[in-house]
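# Summary of the model geometry
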Amino acid sequence: MRSRITVSIFSVMTAVLSLSIGGCSGDNSESTADITQSNIEQPINSTDSSSAAESSESSSESSDENSSAETEPADPRGEPTILVGLDGETIYTSEITKVLDIHGDFTTVDQITADNDGVRVFCDGFQYFKEPEGTAYDNYNNPELFDGMEFVGEIPVNNNKYRRVNVGDKICGLTLVEATTQFLIDPSGYEENHSYYYPDVGDYGVFMRFEGMVTIEGFMSSSARNSYEPDGGALRFTPIENKLPILGSWFGLDVGFFVTSAYNTNELLCFTEMGEISPDKPTCDLGNLGIGDIMYVRATFSDIRYIGDLCAAKLENMEILSDVLVHVDDSI
């Protein structure tokens with residue numbers, strides 16, 4: 001036994017001396033491995049060697065598991081909630097800006113539960129829209145498709161999907177620059193539509209603003225003098241083209257196409273996906289559009305804003321395409 005130990009020690013010393021003399025030549029690693037395996041491990045009991053290797057491997061695996069558990073990053077979105085957007089994706093706690101209880105007081109995200117009827121949740125920075133189908137009709141250009149207030153043509157279907165549009169994203173050639181999304185905990189509404197999404201204006205409302213311009217044809221009306229508008233002249237635009245993003249409707253239901261009238265006269269009708277636009281801050285010549293008049297025009301808008309499901313925009317330009325189609329008399 002003593003002679004084996006002596007030989008082994010002598011071999012190790014020889015190996016070390018050889019390495020010291022040889023320096024860092026290319027094949028030294030293979031040579032070292034041979035020396036170590038044949039001269040150092042040979043005298044050691046094989047059972048002890050196996051146990052030591054297994055222990056070392058186990059210790060390494062345990063260390064790797066602990067290291068993995070310690071370094072696993074938390075989800076930057078926070079925790080998932082019961083809220084789901086119109087795109088089918090879950091809303092996370094980090095996306096929530098504020099939560100109000102049924103009384104309008106601020107509360108916390110842990111109150112967002114299915115049985116907390118009336119809780120409102122607001123998320124800034126995104127909203128849900130879909131592209132318009134593009135088809136629209138009116139009884140000025142398509143009189144054969146209307147029977148009074150009824151549209152008798154073939155009803156189009158918009159199969160475009162709602163998508164989440166974040167601030168900075170484009171849709172319909174416009175860039176979203178401000179947005180708030182609202183959810184309302186309403187068990188009855190959810191049971192019917194499987195969504196808490198809610199774009200209503202309400203007391204706190206939702207607001208969206210787009211950057212860019214769009215030109216749309218439609219009916220421009222200048223209100224007659226009445227008890228609510230004693231001076232008259234308030235502008236209202238009823239588009240006959242679908243060119244603007246379609247905002248998600250209450251609880252995710254699709255309103256689809258509907259008949260709307262210019263200035264509630266029931267004489268100029270549109271079958272469209274887009275409701276009335278309130279032009280403000282006009283910087284253009286209104287031509288011979290007088291108080292109480294309704295005319296067919298081509299209007300260019302900028303600074304387009306959705307306040308809930310209402311739309312307002314800055315009137316940049318207006319080209320009159322008809323004579324006065326309807327004149328509404330003053331009521332005062």
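One can find the structure itself at the top, above this paragraph.
Heads up: these notes are all about the structure in this document.

Calculation rules
- Think of each chain on its own: its residues are numbered from 1, step by step along the sequence as written.
- Only residues with pLDDT of 70 or above have their local features reported here, since the model is predicted, and side-chain atom pairs are shown and tallied only from 80 upward, although totals for entire chains, interfaces and linings are computed over all residues.
- Side-chain numbers here rest on the full set of heavy atoms in the structure, without hydrogens or water.
- Starting at the N terminus, helices and strands are each numbered in turn, a helix being any DSSP run of H or I of at least four residues and a strand any DSSP run of E of at least two.
- Contact definition: two residues touch when any of their heavy atoms are within 4.5 Å.
- For the accessible areas, the method is Shrake-Rupley and the probe is 1.4 Å, while residue cover comes only from the protein chains on display.
- Only Phe, Tyr and Trp rings are paired, with Trp represented by its six-membered ring, and only when their centres lie within 6.5 Å; those with planes under 30 degrees apart are stacked, over 60 edge-to-face, the remainder tilted.
- The classification of residues rests on relative accessible area computed with a 1.4 Å probe and restricted to protein chains. Under 20% of the type maximum is buried, over 50% is exposed, and intermediate values are partly exposed.
- DSSP-based pairing: two strands are paired if at least 2 bridges between them are found.
- Pairing of N or O atoms within 3.5 Å defines a polar contact, subject to two protein rules: one partner must be a possible hydrogen donor and the other a possible acceptor, and residues neighboring in sequence count only if both atoms are side-chain atoms.
- What we call a nonpolar core is a set of buried Ala, Val, Leu, Ile, Met, Phe, Trp, Tyr and Cys residues that are connected through their side-chain atoms within 4.5 Å.

Moving on: the overall build of the protein chain. Helix and strand counts for the protein chain come out as four helices and 21 strands. For the protein chain, the share of sequence-separated contacts (at least 6 apart) that also reach a separation of at least 24 residues comes to 70%. Total accessible area on the protein chain is roughly 18500 Å²; 49% of this is exposed by carbon and sulfur atoms.

Summed over the entire model, instances satisfying the criterion amount to 15 aromatic pairs. Note on Phe126 and Tyr128: the rings are 5.8 Å apart at their centroids and 85 degrees apart in plane angle, and the pair reads as edge-to-face. When sorted by exposure, Phe126 lands in the same class as Tyr128, which is buried. Summarising the aromatic geometry, the rings of Phe210 and Tyr306 are spaced 5.6 Å apart at their centres and angled 65 degrees between planes, so their arrangement reads as edge-to-face. Here Phe210 is found in strand β13 (residues 207-211), whereas its partner Tyr306 is found in strand β20 (residues 293-307), with 96 residues between them in sequence.

Turning next to unusual backbone geometry. Phi angles above zero are rare outside glycine, and Cys172 is one such case at about 55 degrees. Even without glycine at this site, Asn264 takes up a positive phi of about 55 degrees. Position of Asn264 among the secondary structure elements: in the loop between β17 (258-261) and β18 (269-272).

So, on to the sheet that holds strand β16 (residues 246-247). A sheet is described by the order of its strands in space; here three strands give the open sequence β10-β6-β16, paired in antiparallel fashion. With one partner strand each, in any of the chains shown, β10 (163-166) and β16 form the two edges of the open sheet. Pairing of strand β6 (residues 126-130) with β16 involves two bridges; the strand directions are antiparallel. Residue pairing for β16: Phe129 is matched across the bridge by Leu247.

Turning our attention to the sheet that holds β18. If you trace the three strands from one edge of the open sheet to the other, you get β7-β18-β17, paired in antiparallel fashion. Every interior strand has two partners, whereas the edge strands, β7 (137-138) and β17, have only one. In terms of strand pairing, β17 meets β18 through four bridges, oriented antiparallel. Paired with Thr260 across the strands is Cys270, a residue of β18.

Let us now look at the pairing of strand β19 (residues 277-280). What you see with β19 is a clean split: Ile277 and Pro279 sit on the buried side and Ser278 and Asp280 on the side with no burial. Here β19 runs beside strand β21 (residues 310-327); their pairing, made up of four bridges, is parallel. Residue pairing across strands places Asp280 opposite Lys314, the latter belonging to β21.

Our next topic: the side chain of Thr175. Within the secondary structure, Thr175 is located in strand β12 (residues 174-184). Look at Thr175 and you get buried, because its relative accessible area is 13%. At a separation of 2.9 Å, a polar atom in the side chain of Thr175 contacts the side chain of Lys170. Contacts of Thr175, omitting those with residues within four sequence positions, involve Gly168, Asp169, Lys170, Arg209, Phe210 and Glu211.

Turning our eyes to something else, we now look at the nonpolar core. Among the nonpolar cores identified, the biggest contains 47 residues, and Leu244, Ile304 and Tyr306 are the most heavily contacted of them. Broken down by element, this core gets its largest block of residues, six residues, from β20. If we ignore the near neighbours within four places in the chain, the residues touching Tyr306 are Phe129, Val206, Phe207, Met208, Phe210, Leu244, Pro245, Leu247, Met274 and Cys311. Of all hydrophobic cores here, the second largest spans ten residues; its members include Ile240, Ala262, Tyr263 and Leu268.

The element strand β14 (residues 214-222) is extensively covered by neighbouring structure, given that eight of its nine residues are classed as buried. The pairing of β14 with β20 spans eight bridges and is antiparallel. Within the sheet, the bridge partner assigned to Gly218 lies in β20 and is Val297. Bridging between β14 and strand β15 (residues 235-239) involves five bridges; their strand directions are antiparallel. Bridging from a neighbouring strand, Met220 pairs with Phe237 of β15.

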